[in-house]
Amino acid sequence: DAGVIQSPRHEVTEMGQEVTLRCKPISGHNSLFWYRQTMMRGLELLIYFNNNVPIDDSGMPEDRFSAKMPNASFSTLKIQPSEPRDSAVYFCASSAKGHISGNTIYFGEGSWLTVV
Amino acid sequence: GESVGLHLPTLSVQEGDNSIINCAYSNSASDYFIWYKQESGKGPQFIIDIRSNMDKRQGQRVTVLLNKTVKHLSLQIAATQPGDSAVYFCAAPGDQTGANNLFFGTGTRLTVIP
């Protein structure tokens, strides 16, 4: 079975440019998560969706960040305008029910973003 | 919110020895804990989980121990192999009822010396 699929795997962009990261969750999963990983702050939850509805976006750093989930098989995380401090690895993850019933959260391979 | 942390940022062990990675958490109401393994250039992978009504759970070469009294859990890896070299994270759910997000510790980098 295909896991969580993220694109692009690597992106280098100039400060001020718009960045769009994409995610396809595991088929049948109804929870989707966006995490950011940096050396300084570790893995941070940015936002998560249940059944395509954003449940908690309190981790989104600021208004420059936005996330959408137009359908059960696709989500985007957008940064506009990007800044060098946004450089990080962005992970998308999905699960069948979230953690409550012990359903595992499965992570994608990450999108490695560098803003110069 | 929940806070999880790890005692040591790095751990080096000899191949064949047992490894013990520790984690502390803050929320005594946490009812579920997970260990993830992250290899270089990859996303975190689920290793093993444990519910708060258990104090021990075993998998293949891995054992998780939970001590609710001191809010501590550990991951034990038996006969550590070079392929076990990775960063290990403990994670626990958010403190909101019904929350299905996870908070991660800072990770322990395990290096296996051949």
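That block above? That's the structure.
This is a predicted model, so every value here is computed, not measured.

Caption draft 1: Geometry of the side chain of B:Ser74. Structurally, B:Ser74 is set in strand β8 (residues 72-77). Accessibility expressed as a relative area gives 6% for B:Ser74, which makes it buried.

Caption draft 2: The nonpolar core, seen in detail. Ranked by size, the top nonpolar core spans 22 residues in total, and within it B:Phe33, B:Trp35, B:Leu73, B:Leu75, B:Tyr88 and B:Leu110 carry the most contacts. At the level of secondary structure, the elements contributing two or more residues to this core comprise β2 (10-14), β3 (19-25), β4 (32-38), β5 (45-51), β7 (62-67), β8, β9 (86-93) and β11 (108-113) of chain B. Looking at which element gives the most residues to this core, the answer is β9(B), with four residues. Beyond its immediate sequence surroundings of up to four residues, B:Leu73 is in contact with B:Ile21, B:Asn22, B:Cys23, B:Tyr25, B:Phe33, B:Trp35, B:Val64, B:Leu65 and B:Leu66. Grouped together as the second largest cluster of nonpolar side chains are 21 residues, A:Val19, A:Leu32, A:Met60 and A:Ile79 included.

Caption draft 3: How the structure looks around the state of the cysteines. Evaluated as defined, the whole model comprises two disulfides over all chains. A sulfur-sulfur separation of 1.9 Å characterises the disulfide bridge that pairs A:Cys23 with A:Cys92. Here A:Cys23 and A:Cys92 share a disulfide; its torsion about the S-S bond, -70°, makes the bridge left-handed. Of the two residues, A:Cys23 sits in strand β3 (residues 19-24) while A:Cys92 sits in strand β9 (residues 88-95), which places them 69 residues apart along the sequence. Of the two residues, A:Cys23 and A:Cys92, both sit in the buried class. The disulfide partner of B:Cys23 is B:Cys90, and the S-S distance across this bridge is 1.7 Å.

Caption draft 4: How the structure looks around unusual backbone geometry. Of note, the amide linkage connecting A:Ser7 to A:Pro8 takes the cis form, showing an omega dihedral of -10°. Among the structural elements, A:Pro8 can be located in the loop between β1 (5-7) and β2 (10-13). Residue B:Ala79 is not a glycine yet carries a positive backbone phi of 45°. By the element assignment, B:Ala79 lies in the loop between β8 and β9.

Thresholds applied
- Residues numbered from 1 in each chain as written.
- Chains lettered and ligands numbered in written order.
- Predicted model: local features only at pLDDT ≥ 70, side-chain atom pairs only at ≥ 80, totals over all residues.
- Heavy atoms only, no water.
- Helix = DSSP H or I, 4+ residues; strand = E, 2+ residues; numbered from the N terminus.
- Buried < 20%, exposed > 50% of the residue type's maximum accessible area, 1.4 Å probe, protein only.
- Core = buried A, V, L, I, M, F, W, Y, C linked by side-chain atoms within 4.5 Å.
- Contact = heavy atoms within 4.5 Å.
- Disulfide = S-S within 2.5 Å.

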